[in-house]
Amino acid sequence: MKVTLVAGARPNFMKIAPIIHEIKKVQKQGKKISFRLVHTGQHYDEKLSHSFFKQLNIPEPDVNLEVGSGSHAEQTANIMTRFEKELIENRPDIVLVVGDVNSTMACSISAKKLNIDVAHVEGGIRSRDMEMPEEINRLVTDSIADYFFTTSELANKNLRKEGHGNHKLFLVGNTMIDTLKANMNRLKKPALFDENNLKPKKYLVVTLHRPSNVDDAENLKMLLNTLEETSKDYKIVFPVHPRTQKNLKKIKLSDKFIITDPLGYLEFVYLVKNSFAVITDSGGIQEETTVMKIPCVTLRKNTERPETVTEGTNILAGIDPYKFRPHFQKLFSGKWKKGGVPKFWDGKTSPRIVKQLLKIYSGK
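None of these values were measured; they are calculated from a predicted model.

Asker: What exactly am I supposed to notice about the packing of aromatic side chains here?
Answerer: How two aromatic rings sit relative to each other is set out by the distance from centre to centre and by the angle between their planes. What the rule picks out here adds up to seven aromatic pairs. Cluster of aromatic residues (ring-pair linked, three or more members): Phe193, Tyr203 and Tyr270.

Asker: Is there a simple way to think about the side chain of threonine 244 in this case?
Answerer: Turning to its location among the elements, threonine 244 is positioned in helix α11 (residues 242-248). You can call threonine 244 buried: its relative accessible area is 0%. Excluding anything up to four places from it in sequence, threonine 244 contacts Leu208, His209, Val214, Leu220 and Phe238.

Asker: How do you make sense of the sheet that holds strand β1 (residues 2-7) when you look at a structure like this?
Answerer: Backbone hydrogen bonds hold the strands of a sheet together, and the pairing may be parallel or antiparallel. Spatial strand order, β3-β2-β1-β4-β5-β6-β7: seven strands in an open sheet with parallel pairing. In this open sheet, the two strands that pair with only one neighbour each are β3 (63-64) and β7 (169-171). With five bridges joining them, strand β4 (residues 94-98) and strand β5 (residues 117-121) adopt parallel strand pairing. Residue pairing across strands places valine 97 opposite histidine 120, the latter belonging to β5.

Asker: I tried to follow the side chain of threonine 104 on my own but got confused; where do I start?
Answerer: With respect to the helices and strands, threonine 104 occurs in helix α4 (residues 102-113). Discounting residues that sit within four places of it in the chain, threonine 104 has contacts with Val97, Val98, Gly99, His120 and Thr141.

Asker: Before we go on, may I ask you to explain the pattern of salt bridges in this structure?
Answerer: Once the charged atoms of two side chains with opposite charge are near each other, the side chains can pair. Per the stated rule, a full pass over the model turns up 18 salt bridges. Among the salt bridges present, the one from glutamate 162 reaches arginine 126, with a minimum N-O distance of 2.8 Å. Of the two residues, glutamate 162 is situated in the loop between α6 (153-161) and β7 and arginine 126 in the loop between β5 and α5 (133-144); the sequence distance between them amounts to 36 residues. Relative accessible area serves as the criterion here: at 35%, glutamate 162 is assigned to the partly exposed category. With a shortest N-O distance of 3.0 Å, arginine 325 and glutamate 229 are connected by a salt bridge. Of the two residues, arginine 325 is situated in helix α15 (residues 325-332) and glutamate 229 in helix α10 (residues 217-230); the sequence distance between them amounts to 96 residues. You can call arginine 325 partly exposed: its relative accessible area is 30%. Judged by relative accessible area, which is 55%, glutamate 229 ranks as exposed. Through salt bridges with shared partners, a single network forms among Lys15, Asp100, Glu122, Glu135, Arg138, Glu287, Arg300, Glu304 and Arg305.

Asker: Just checking my understanding: could you explain the pairing of strand β9 (residues 235-239) for this structure?
Answerer: Consecutive side chains along a regular strand alternate between the two faces of the sheet. Extensive coverage of β9 is indicated by the burial of four of its five residues. Alignment of β9 against strand β10 (residues 257-260), held across four bridges, turns out to be parallel. From the neighbouring strand, proline 239 faces β10, where its bridge partner is threonine 260. The β-α-β motif built from β9, the intervening α11 and the parallel element β10 has right-handed crossover chirality.

Asker: Help me understand α10 in this model?
Answerer: Because an α-helix completes one turn every 3.6 residues, residues spaced three or four positions apart along the sequence face the same direction. Between the first and last C-alpha of α10 there are 20 Å, a value that for 14 residues agrees with the 20 Å anticipated at 1.5 Å per step. All of the buried residues in α10 are Asn219, Leu220, Leu223, Leu224, Thr226, Leu227 and Thr230. Down the axis of α10, the sector holding all buried residues measures 155°, keeping them to one side. Of the residues flanking the start of α10, the one acting as N-cap is aspartate 216, its side-chain oxygen 3.1 Å from the backbone nitrogen of glutamate 218.

Asker: Just to check I follow, could you spell out the sheet that holds strand β12 (residues 296-298) for this structure?
Answerer: On the basis of which strands lie adjacent, the open sheet formed by six strands has the order β10-β9-β8-β11-β12-β13 and parallel pairing. The two strands at the open ends of the sheet, each matched to only one other strand, are β10 and β13 (314-316). When strand polarity is set aside, the average angle formed by the axes of neighbouring strands in this sheet is 20°. As defined by bridge partners, β12 adjoins β13 across three bridges and the pair is classed as parallel. Bridge assignment links threonine 298 to a residue of β13, and that residue is leucine 316. Seen against the sheet, α10 touches β8 (203-207), β9, β10 and β11 (277-280) and runs at an angle of roughly 150° to β9.

What counts, and where the lines are drawn
- Residues numbered from 1 in each chain as written.
- Predicted model: local features only at pLDDT ≥ 70, side-chain atom pairs only at ≥ 80, totals over all residues.
- Heavy atoms only, no water.
- Phe/Tyr/Trp six-rings, centres within 6.5 Å; stacked < 30°, edge-to-face > 60°.
- Helix = DSSP H or I, 4+ residues; strand = E, 2+ residues; numbered from the N terminus.
- Buried < 20%, exposed > 50% of the residue type's maximum accessible area, 1.4 Å probe, protein only.
- Contact = heavy atoms within 4.5 Å.
- Pairing = 2+ DSSP bridges.
- Salt bridge = Lys/Arg side-chain N within 4 Å of Asp/Glu carboxyl O.
- Right-handed = clockwise from strand over helix to strand, strands pointing away.
- Expected span 1.5 Å × (residues − 1).
- Arc of directions from axis to C-beta.
- Polar contact = N/O pair within 3.5 Å; in protein donor to acceptor, adjacent residues only side chain to side chain.
- Axes fitted to C-alpha atoms, helices over the stretch in contact; angles between N-to-C directions.

Put into structure tokens, the structure is as follows:
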């Protein structure tokens, strides 16, 4: 069978990498499966894309569609047009998409228009927030996908409610955790760690990129001031997303903040693993902190990963800076929940996915 794997943005790379490694493993065992790796180029910054291929031992993509930036509509249209040509020239049995970025939706649409099967890794997760572009991408992708490799039973329930039969649903776990566990012994200490005399569990990590938190400079300032005032003597490491950079330049921060460019995967996970806690509005980081048992304060009204709250170390703090303070106070009082790890978040998700793909297509 022929599989086309799609990666477009930073989180995709961590989700695709272990699937590639597993396909290569079963190929050596004589299984008839091959893959073609398509990089849409949705993220084109060296720190956000290419370095991840190097660090995660992913082969260079067979093709880079090089769509670059643009509005959601422009980017989606460019991906669809270029991916359609790719599929016509290199038709697979199935297109495997991951996550919820524009590439996920656009490539699914192009594949289905050509009557090619689509499998969605991480299908069925929902935030119920239609202001999130990612939620629209999830809903559209899942409405047309043929198979779903899910991270939780809740995701399966969501898909059943939307009309999908059990024969399409496979609860396999979380491929991001496969990558996390596979690289725990390869983590790299970033240069800023020693340069700033950081000590394990004596600093915080902050990541912010969602419009509700960073697009208004005054709101961003209040958020960071609240964190500074409640964080005692802890340093605050802040890898700055390109979207956040513009308004951050308008804010004068104290020397408690250590500002840095986006880090490579191995360096960033090292920072998180050794931190006291993480404050974020990211989706994937909620999952990684849950598995590493690191307290996580998510600055969002909702999450598409509720198991990180109900089972893990994550809490939802909302988006109102005036209401953050009690959460931070609880964090530093030593009363944070210990949390557990969701079912199948064990580092063995990719073997389950590839095994199921081989089973599905053995009779076709």
